[in-house]
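Results of the structural survey
The chain contents come next:
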Amino acid sequence: MDKAVLTGDLEFLSLGDLIQLIGSNGSTGILRILSKFVEAPGIIYFREGNPVEASKGAENGLQVLYSLFGWTEGEFEFKAEPVDLQGSIKQSRMEIILEGLRLLDDGQIERKGAFLFDAEADQGGDTTRLPLIKGPLIDYMDVVAEEDFHEGQTIVNQGRHGTWMWVILEGQVNICKEVAGEMVPILKIGAGSFIGSMSAFAQQDEVRSATAVAADRVQLGVLDRQRLTHEFSCLSYDFRNVILSLDKRLKQVTRLAATSRLNRQKLKDVTRGKMPIIREGDSQNRLLSIKEGNAFIVRSLSKGDLVLAKLEKRDFVGHIPFLNVGHEPDSAAVYGTDDLNMQALQLELLEDEYNRLSGTMKNMLDNFATFVSATTGILNSLQTD
């Protein structure tokens, strides 16, 4: 018999927090939500940490899942059990969280329960408020020291050099990007999330691409960079390139999100004259490595094409079974230049290598993939509002 592995109260742990928690553990199972203000329970089906279907009474689908963000009071129960249904939900968990919270803030989701508005947050119609992104459960084996920062103190400065990496033990940190002389907030991250760049494992010197500022009292764990760099160097050539390519995507979507906060990007038909490599919604599970030419990760919007990333030699495109970055194939397409030449990567070997990673390295990959997905969702909302 399947047993409940997580139970609690929605006033203590919100639906967004629940989805992040289940996702960070890569869990498969069924989340049931009960509220005295709603007759039928809300049910969300998870496969490997991602919601694949939701139902409430006779209704099902993505809109049902969004409606559950309005349940401010109630109880939840998550059971780890097989989920065999195909499911209609393709969006990444961070896309779902961001959109659900946006719809809730905009009053497009009905709130169920007794609740109070956050008067401070409601003043001025602050559109820069961001959901808190929490990381996986902390693996303390690679924490070699602890550092404390007070509210408002800068942890990392954009443009400075450094290769130190930290994991947040307590508190919250604002990740900001300087654009045109203005510091633009991009993400708010909490316990279990990492500060730094995974490209630092491949080089002795790293230029910081963003600024990290303590949002309140913050305690950081300094990571054993020497051990983690050694682990990175022992990975296969293809796996190292996947990690570095993921890091490149994060930097590109972060820059785009920051510039879009200041000025909405003009969308154009960028796919004209380029070869479609992977179409949005493609069901083929392919992972490809670029040998020559360029590939463009594109999300089609009503007003034009939004280019999320421009990729080059040694970058990957396609489906990664153990990471969800909120890009292709479910939420974006891939187009290539005429000289694009790619080779297929062996998914089984990469997944086996991922499963043998240390807890810290595996947590970092999952966390940075979540950053890509969350920042992409923010960028998408900025372009469609």
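Higher on the page you've got the structure.
All of the points below concern the structure found in this document. This structure is a prediction, so every number in the text was calculated from the model and none was measured.

Our focus in this paragraph is the sheet that holds strand β10 (residues 166–170). Taken together, 4 strands build an open sheet; the order of strands is β8-β15-β10-β13 and the sheet is antiparallel. Whereas interior strands pair on both sides, the edge strands pair on one side only; in this sheet they are β8 (143–149) and β13 (194–195). Sheet analysis places β10 next to strand β15 (residues 218–223), joined by 4 bridges and oriented antiparallel. In the strand pairing of β15, V167 is matched with G221.

What follows concerns the environment of E280. Mapping E280 onto the fold places it in the loop between β16 (275–278) and β17 (287–292). Of the residues examined, E280 reaches a relative accessible area of 41% and is grouped as partly exposed. What E280 contacts, discounting residues up to four positions off in sequence, is S300, P329, D330, S331, A332 and A333.

One pass over the full model with this rule turns up 5 aromatic pairs. Between F46 and F78, the ring centres sit 6.0 Å apart and the planes meet at 85°, which makes this aromatic pair edge-to-face. Linking F46 in strand β3 (residues 42–47) with F78 in strand β6 (residues 75–80), this pair joins segments that are 32 residues apart in sequence. Relative accessible area serves as the criterion here: at 2%, F78 is assigned to the buried category. Both rings, one in F368 and one in F371, keep their centres 5.5 Å apart while their planes meet at 65°; by these two values the pair is edge-to-face. Within this pair, F368 and its partner F371 are both found in helix α8 (residues 359–384), separated by 3 residues, close to a single helical turn. By relative accessible area, F368 is classed as buried at 3%.

P329 follows E328 through a cis peptide bond whose omega is 0°. Its place among the elements puts P329 in the loop between β20 (316–318) and β21 (333–336). A positive phi is found at R314, a non-glycine position, where the angle reads about 80°. Checked against the element boundaries, R314 lands in the loop between β19 (304–311) and β20. On the basis of relative accessible area, R314 is assigned to the partly exposed category, the value being 40%.

Here β15 lies mainly inside the structure; 6 of its 6 residues are buried. Of the two faces of β15, the one holding V218, L220 and V222 and the one holding Q219, G221 and L223 are both buried throughout.

Our focus in this paragraph is the pattern of salt bridges. Tallied over the entire structure, the rule returns 16 salt bridges. One salt bridge connects E206 with K251, and the closest N-O pair in it is separated by 3.1 Å. Pair noted here: E206 is in the loop between β13 and β14 (211–214) and K251 is in helix α6 (residues 237–262), with a separation of 45 residues, a long-range link. The partly exposed category is assigned to K251, whose relative accessible area is 25%. Linking D247 and K251 is a salt bridge whose minimum nitrogen-to-oxygen distance equals 3.1 Å. Here D247 pairs with K251, and both are found in helix α6, just 4 residues apart, close to one helical turn. With a relative accessible area of 6%, D247 lands in the buried category. Via salt bridges that share partners, E99, R102 and D106 belong to a single interconnected network.

Okay, the nonpolar core next. In this structure, L31, I155 and I195 are the most contacted members of the largest nonpolar core, which totals 106 residues. Considering each element in turn, this core owes the most residues, 11 residues, to α8.

Okay, the sheet that holds strand β11 (residues 173–179) next. Sheet architecture is open: 5 strands sit in the order β7-β12-β11-β14-β9, paired in mixed fashion. If you trace the sheet from one side to the other, it starts and ends with β7 (132–133) and β9 (154–156), each paired once. Across 2 bridges, the pairing between β7 and strand β12 (residues 182–189) is parallel. Residue pairing across strands places L132 opposite K188, the latter belonging to β12. Against the sheet, α8 engages β7 and β12, with an angle of about 125° to β12.

Conventions used here
- Residues numbered from 1 in each chain as written.
- Predicted model: local features only at pLDDT ≥ 70, side-chain atom pairs only at ≥ 80, totals over all residues.
- Heavy atoms only, no water.
- Pairing = 2+ DSSP bridges.
- Helix = DSSP H or I, 4+ residues; strand = E, 2+ residues; numbered from the N terminus.
- Buried < 20%, exposed > 50% of the residue type's maximum accessible area, 1.4 Å probe, protein only.
- Contact = heavy atoms within 4.5 Å.
- Phe/Tyr/Trp six-rings, centres within 6.5 Å; stacked < 30°, edge-to-face > 60°.
- Salt bridge = Lys/Arg side-chain N within 4 Å of Asp/Glu carboxyl O.
- Core = buried A, V, L, I, M, F, W, Y, C linked by side-chain atoms within 4.5 Å.
- Axes fitted to C-alpha atoms, helices over the stretch in contact; angles between N-to-C directions.

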